[in-house]
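One-letter residues, chain by chain:
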Amino acid sequence: MVSDTFCFGPPILQNGEMTVGSGGGRAQRTFIGTNGNPGDIWLVVSDGRKIDGESSGLTYTQCARLLLSKGCTFGVPLDGGGSSSMVFQGEVLNQTSGRAIVDFVYFK
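A separate point is the packing of aromatic side chains. Under the definition given, this model contains zero aromatic pairs. The ring of Tyr60 carries the charged tip of Arg29 above its face, separated from the ring centre by 4.0 Å.

This is the structure:
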């Protein structure tokens, strides 16, 4: 019986090595990483394309480097662009362009 399933990809960090291709300019990004220990998870959202008036966003390489700096050995991008959003205790923590959010990670 499957209780949880995930479909992301392709990884930007695998076995502690960056696996980023050449694509992916600066944009809003949502990505997740771990070092493999239960409960050690980094969820990151960046504003971008100056939607917030300040941030130019991140490249996939910058996302992978950030995860590496936090000790992660595996990381994948989630949906990015204008739908990148993070909500904590009912409060939206970043600026969005208002595009519909189609992928999500939920922790209870």
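So, on to the environment of Arg65. With respect to the helices, strands and loops of the structure, Arg65 is situated in helix 1 (residues 60-69). Residues Arg65 and Met18 lie 47 residues apart in sequence; the distance between their C-alpha atoms is 7.7 Å.

Right, let's get into unusual backbone geometry. Note on backbone geometry: most residues besides glycine have negative phi, and most peptide bonds are trans. Of note in the backbone geometry, Asn15 takes a positive phi value of approximately 55° without being a glycine. Locating Asn15 in the fold gives a position in the loop between strand 1 (13-14) and strand 2 (17-18). A positive phi is found at Gln89, a non-glycine position, where the angle reads about 50°. Within the secondary structure, Gln89 sits in the loop between strand 6 (87-88) and strand 7 (91-92). For Gln89, a relative accessible area of 73% gives the class exposed.

Turning our attention to helix 1. When we look at burial in helix 1, the residues that qualify are Cys63, Ala64 and Leu67. Projection of helix 1 onto a plane perpendicular to its axis shows the buried side chains occupying an angular sector of 95°, all on one side. With respect to the buried face of helix 1, the exposed residues turned more than 90 degrees away are Arg65 and Ser69. Where helix 1 is buried, its residues touch strand 1, strand 2, strand 3 (29-34), strand 4 (41-46) and strand 5 (74-77). Within two residues after helix 1, Gly71 carries a phi angle of roughly 90°, on the positive side.

Let's shift gears to the environment of Val105. By secondary structure assignment, the location of Val105 is in the segment after strand 7. Spatially, the C-alpha atoms of Val105 and Leu43 are 9.3 Å apart, while their sequence positions differ by 62 residues.

With eight residues, the main nonpolar core is built from Ile12, Leu13, Phe31, Val44, Cys63, Ala64, Leu67 and Cys72. The biggest single contributor to this core is helix 1, with three residues. If sequence neighbours within four positions are ignored, Phe31 has contacts with Trp42, Leu43, Val44, Leu58, Cys63, Leu66, Leu67, Val76, Pro77 and Leu78.

Moving on, we come to the pairing of strand 3. Remark: a regular strand shows side chains that alternate across the two faces of the sheet. Counted residue by residue, strand 3 has five buried out of six residues, so it is predominantly covered. Sheet topology note: the strand 3/strand 4 ladder contains six bridges and is antiparallel. Residue pairing for strand 4: Phe31 is matched across the bridge by Val44. Turn length for the strand 3-strand 4 hairpin, with the two strands adjacent in sequence and antiparallel, is six residues, and the turn residue Gly36 shows positive phi of about 95°.

Relative to the elements of secondary structure, Arg26 occurs in the loop between strand 2 and strand 3. Separated by 3.1 Å, the side chains of Arg26 and Ser56 make a polar contact. A polar contact is formed between the side chain of Arg26 and the backbone oxygen of Gly57, at a distance of 2.6 Å.

What counts and how
- Residues numbered from 1 in each chain as written.
- Predicted model: local features only at pLDDT ≥ 70, side-chain atom pairs only at ≥ 80, totals over all residues.
- Heavy atoms only, no water.
- Phe/Tyr/Trp six-rings, centres within 6.5 Å; stacked < 30°, edge-to-face > 60°.
- Lys NZ or Arg CZ within 6 Å of the ring centre and 35° of its normal.
- Helix = DSSP H or I, 4+ residues; strand = E, 2+ residues; numbered from the N terminus.
- Buried < 20%, exposed > 50% of the residue type's maximum accessible area, 1.4 Å probe, protein only.
- Arc of directions from axis to C-beta.
- Contact = heavy atoms within 4.5 Å.
- Core = buried A, V, L, I, M, F, W, Y, C linked by side-chain atoms within 4.5 Å.
- Pairing = 2+ DSSP bridges.
- Polar contact = N/O pair within 3.5 Å; in protein donor to acceptor, adjacent residues only side chain to side chain.

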